[in-house]
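# Fold and contact review
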Amino acid sequence: AQSVTQLDSHVSVSEGTPVLLRCNYSSSYSPSLFWYVQHPNKGLQLLLKYTSAATLVKGINGFEAEFKKSETSFHLTKPSAHMSDAAEYFCVVSDLESNYQLIWGAGTKLIIKP
Amino acid sequence: GAGVSQTPSNKVTEKGKYVELRCDPISGHTALYWYRQSLGQGPEFLIYFQGTGAADDSGLPNDRFFAVRPEGSVSTLKIQRTERGDSAVYLCASSLNPIGPQETQYFGPGTRLLVL
């Protein structure tokens, strides 16, 4: 069965330093992978998605993620954190087994220190 | 253009009462999804509509939960005999085409339900 593990429930970085949010997935099929961001009291917004094209995916707000099949990982990175990046981030997988329903990780709360 | 909207934004009810939550998808989107998000967790799938029909309702937790989309646009999630455990944020999403590997779901801001 598919699953998503976000390895850190909280990540704290200083403004201007790199961000790394880790995600591992399990899928028996060719998965689609997504990162969504949820700011307080706002709706979920798609950051980026991987759907079997280029393995390095660029998203909005300077975020990118790399699909590594051998490591079953889809980590989210950003070179330089901004205060406005403080939010909850969700890694999501879907594939044929789930009928393409989204399977969500538990989320990682990103905290930005001034 | 307008995104997915949900009303009300907050709903407080008493145990045993009936509630209705409304979702207005993006205009022209054929697929609509309902999720439930409990505190500190990721969203949990409830039901998926393609057009007017419920194509997948496998996520509905029990028969107290029901959803409709009579004209293929607006949807209403209905919860009967609410329980304290139903307290959560109920999220609605829509996508332009039927569910598939390339489709992106666009989410509304959610309805925060509190059952006292």
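Report on the accompanying structure. Just so you know, the residues in each chain are numbered from 1, in the order the chain's sequence is written. Written order determines the labels here, with chains lettered from A and ligands numbered from 1. Local features in this predicted model are restricted to residues whose pLDDT is 70 or higher, and side-chain atom pairs enter the listing and the counts only when it is 80 or higher, whereas totals over whole chains, interfaces and linings include all residues. Working from all heavy atoms in the structure, the side-chain values ignore hydrogens and water.

### Observations concerning the overall build of chain B
Starting at the N terminus, helices and strands are each numbered in turn, a helix being any DSSP run of H or I of at least four residues and a strand any DSSP run of E of at least two. Assigned secondary structure in chain B consists of zero helices and 11 strands. Going from the N terminus to the C terminus, chain B shows its helices and strands as β-β-β-β-β-β-β-β-β-β-β. With the radius of gyration taken over C-alpha atoms, the globule rule is written as 2.2 Å times the number of residues to the power 0.38. In terms of C-alpha radius of gyration, chain B reaches 13 Å, essentially the compact-globule figure of 13 Å for 116 residues. Projected onto its principal axes, the C-alpha positions of chain B cover 40 × 25 × 25 Å.

### Description of the interface of chain A and chain B
Chain A puts 18 residues into the contact, and the matching count from chain B is 22 residues. By buried area we mean how much accessible surface two parts lose on assembly, using a 1.4 Å probe and totalling the loss over both. When the two sides are added together, the surface that chain A and chain B hide from each other amounts to roughly 1600 Å², 51% of it contributed by carbon and sulfur. Here, a salt bridge means any Lys or Arg side-chain nitrogen found within 4 Å of an Asp or Glu carboxyl oxygen. At the boundary of chain A with chain B, the tally comes to zero salt bridges. Polar contacts, as counted here, are pairs of nitrogen or oxygen atoms within 3.5 Å of one another; within protein the pair requires one atom able to donate a hydrogen and one able to accept it, and residues that are adjacent in sequence qualify only if both atoms are side-chain atoms. On the surface where chain A and chain B come into contact, there are seven residue pairs in polar contact (both at pLDDT 80 or more). Elements supplying a minimum of two residues to the side of chain A that touches chain B: β5 (32–38) and β6 (44–50) of chain A. The greatest single-element share of the side of chain A that touches chain B, amounting to four residues, is contributed by β5 of chain A. We call two residues contacting when some pair of their heavy atoms lies within 4.5 Å.

### A look at the nonpolar core
Note on soluble globular proteins: their nonpolar side chains tend to be buried together. Trp35, Leu48, Phe74, Leu76 and Tyr89 of chain A are the most contacted members of the largest nonpolar core, which totals 26 residues. Setting aside residues no more than four positions away along its own chain, phenylalanine 74 of chain A makes contact with Cys23, Leu33, Phe34, Trp35, Leu48, Tyr50, Ala65, Glu66, Phe67 and Cys91 of chain A. Counting 20 residues, the second-largest nonpolar core is a separate cluster that includes Val4, Val19, Leu113 and Val115 of chain B. The term nonpolar core refers to a set of buried residues drawn from Ala, Val, Leu, Ile, Met, Phe, Trp, Tyr and Cys, joined through side-chain atoms within 4.5 Å. Burial classes follow relative accessibility: with a 1.4 Å probe on protein chains only, a residue under 20% of its type's maximum area counts as buried, one over 50% as exposed, and anything between as partly exposed.

### Observations regarding the packing of aromatic side chains
Working definition: a ring pair exists when centres of Phe, Tyr or Trp rings (six-membered ring for Trp) sit within 6.5 Å. Plane angles under 30 degrees give stacked, over 60 give edge-to-face, the rest tilted. According to the stated counting rule, one finds 13 aromatic pairs over all chains in the structure shown. Ring centres 4.2 Å apart and planes at 15° place the aromatic pair tyrosine 50 of chain A and phenylalanine 67 of chain A in the stacked group. Taken together, the residues tyrosine 50 of chain A in strand β6 and phenylalanine 67 of chain A in strand β8 (residues 64–68) connect sequence positions 17 residues apart. Looking at phenylalanine 67 of chain A, the relative accessible area reads 8%, which means it is buried. Among the aromatic residues, those joined into a ring-pair cluster are Phe34, Tyr36, Phe90 and Trp104 of chain A together with Tyr35, Phe45 and Phe107 of chain B.

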